[in-house]
Amino acid sequence: MNIAQLDRMHSGQGFIAALDQSGGSTPKALAQYGVLENSYTNEEEMYTLVHEMRTRIIKSPAFKSEYILGAILFENTMDRKIDGQWTADYLWEKKNIVPFLKVDKGLADLANGVQLMKPISNLDELLDRAVEKNVFGTKMRSVIKEANAEGIREVVEQQFEVGLQIFQKGLVPIIEPEVDIYSADKEKSEEILKEEIKKQLSLLDKEVKVMLKLSIPNVNNFYKELMSDPHVVRVVALSGGYSEEEANAKLTQNHGLIASFSRALSEGLSAGQSDDEFNQKLDKTIKAIYTASIT
């Protein structure tokens, strides 16, 4: 584990940029960027185009460590290069931004009001490659749709079980049990979720470190207790479908919670923009998310 990166994630000011759209979400991310499906004919061409988009974001003068602590990458992005360097090395060595890797393979079907992670069949091999490419940590997502106590317990237990496997490889896992922002009983789900997370944290050995990525809670500062747990490096928030403006407004009401936004980060960026237009828009977005994260 890189101690300089751990210190930066624990005490630095800023937010985490989520650049990890993958699989089924890649065409949507490209379409939002103005690159339609008729622009590519196969998966390789699609991933080349999305890497070009992410490279443009990462190389932008607006994308800097003054505002951004870390960036979450998709496996395909980790395995590609920027200016001759592996993406993770470019982020840390050129930008002083901590690299993370999305490791989950998507969501299982809805059961007990939740969607668990699909099995990650190649996890050991993927983690070994992440270590070789100087990645600091990982991210994996589940989704909670209903305040079903059994389902939420299953989500949290699965997240921590995989998280321990990740930590044992020398990486810091971001545990992400997302509560659907459109859930009719979101607040109740968050109450159950917090208790299950506390239970799992209490079972960890002293040296284990994790991060938590959670939906912005209905009750302001609801996760403050988790932030003070000695196992927790940082608690970050996903935008969860909120617009950039909505997500930032809600984030400012939760002291200590920092952003890890994906859609909200790239909102308004387009392949057709000039570099000046692109950089100005990205700069404005990054500064707004940063301000909300340190308020």
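Quick note: structure is the one above.
Here the residue index of a chain counts from 1 through its sequence in written order. With pLDDT at 70 or above as the cut-off, local features in this predicted model cover only qualifying residues; side-chain atom pairs require 80 or more to be listed or tallied, and sums for whole chains, interfaces and linings still use all residues. Remark: hydrogens and water are excluded; side-chain values derive from all non-hydrogen atoms of the structure.

**A few points about the overall build of the chain**
Then comes step 1: Numbering of helices and strands runs from the N terminus; a helix is a DSSP stretch of H or I covering at least four residues, while a strand is a stretch of E covering at least two. The number of helices and strands found in the chain is twelve helices and eleven strands.
Then comes step 2: With C-alpha atoms as the basis for the radius of gyration, the globule rule is written as 2.2 Å multiplied by the number of residues raised to the power 0.38. A compact globule built from 295 residues would reach a C-alpha radius of gyration of about 19 Å, and the chain, at 18 Å, matches this within 12%.
Then comes step 3: Across its three principal directions, the C-alpha atoms of the chain cover 50 × 40 × 40 Å.
Then comes step 4: Counting across all 295 residues of the chain, residues that qualify as buried make up 55%.
Then comes step 5: By the convention used here, residues are in contact when the closest approach between their heavy atoms is within 4.5 Å. Long-range pairs, those at least 24 residues apart, make up 73% of the contacts in the chain between residues at least 6 apart in sequence. For the exposure calls, accessible area comes from a 1.4 Å probe over protein chains only, and a residue counts as buried if that area is under 20% of its type's maximum, exposed if over 50%, partly exposed in between.

**Quick word on the pattern of salt bridges**
Then comes step 1: By salt bridge we mean one thing: a side-chain nitrogen of Lys or Arg within 4 Å of a carboxyl oxygen of Asp or Glu. Applying the stated criterion across every chain, the model contains 24 salt bridges.
Then comes step 2: For K133, the salt bridge identified is with D79, shortest N-O distance 3.5 Å. With K133 in the loop between α6 (123–132) and β7 (137–144) and D79 in the loop between α4 (75–78) and β3 (81–82), this residue pair connects regions lying 54 residues apart in the sequence.
Then comes step 3: Look at D79 and you get partly exposed, because its relative accessible area is 30%.
Then comes step 4: Within this structure, E75, D79, K105, E125, R129 and K133 form a network of salt bridges that share partners.

**Notes on the layout of surface pockets**
Then comes step 1: Taken as a whole, the second largest pocket encloses approximately 200 Å³ of empty space.
Then comes step 2: Lining the second largest pocket we find 14 residues, and of these N2, Q5, N134, V135 and F136 sit closest to its centre.
Then comes step 3: No other element matches helix α5 (residues 87–95), which puts four residues into the lining of the second largest pocket.
Then comes step 4: Side-chain classes follow a simple rule in which Ala, Val, Leu, Ile, Met, Phe, Trp, Tyr, Cys and Pro form the nonpolar group, Asp, Glu, Lys and Arg form the charged group, and the remainder, Gly included, forms the polar group. Class assignment of the residues belonging to the lining of the second largest pocket gives a composition of seven nonpolar, four polar and three charged. Whether a set of points on the 1 Å grid over the protein atoms alone is a cavity depends on a 1.4 Å probe fitting there but being unable to get out, while an open set qualifies as a pocket with protein on both sides within 12 Å along at least five of seven lines; lining residues are those with an atom within 4 Å of a point. Grid points are joined across faces, edges and corners, and a volume is the space filled by probe spheres set on the points.

**A word on empty space enclosed by the protein**
Then comes step 1: Tallying each qualifying case throughout the model produces one cavity of 30 Å³ or more.
Then comes step 2: Size it by volume and the largest cavity reaches roughly 30 Å³.
Then comes step 3: Taken together, F160, G163, L164, I175, L204, V208 and V210 make up the lining of the largest cavity.
Then comes step 4: A per-element tally of the lining of the largest cavity places helix α7 (residues 149–167) first, with three residues.
Then comes step 5: In the lining of the largest cavity, the residues fall into six nonpolar, one polar and no charged.

**So, the packing of aromatic side chains**
Then comes step 1: When the centres of two rings from Phe, Tyr and Trp lie within 6.5 Å, Trp using its six-membered ring, the rings pair. Their planes under 30 degrees apart give stacked, over 60 give edge-to-face, and anything left gives tilted. Scanning the entire structure with this criterion turns up five aromatic pairs.
Then comes step 2: With 5.4 Å between their ring centres and 40 degrees between their planes, Y47 and F74 make a pair best called tilted. Taken as a pair, Y47 in helix α3 (residues 43–59) and F74 in the loop between β2 (68–73) and α4 lie far apart in primary sequence, 27 residues in all.
Then comes step 3: With relative accessibility at 8%, the residue Y47 sits in the buried group.
Then comes step 4: Note on criteria: charge over ring means Lys NZ or Arg CZ within 6 Å of the ring centre, with the direction from the centre no more than 35 degrees off the ring normal. The residue whose ring lies beneath K81 is W86, and the NZ or CZ to ring-centre distance is 4.6 Å.

**Description of the pairing of strand β8 (residues 172–179)**
Then comes step 1: Of all eight residues that make up β8, eight are buried, and the element is covered over most of its length.
Then comes step 2: The side-chain alternation of β8 yields two buried faces, one formed by V172, I174, E176 and E178 and the other by P173, I175, P177 and V179.
Then comes step 3: Pairing analysis gives eight bridges linking β7 to β8, with the strands arranged parallel. Within β8, the position partnered with G137 by the bridge is V172.
Then comes step 4: We call a crossover right-handed when, viewed with the strands running away from us, the connection from the first strand over the helix to the second turns clockwise. Between the parallel pair β7 and β8, the chain is carried across by α7, and the sense of this crossover is right-handed.
Then comes step 5: Sheet topology places β8 next to strand β9 (residues 210–215); two bridges connect them, and they run parallel. The pairing criterion for strands is at least two bridges between them, as found by DSSP.

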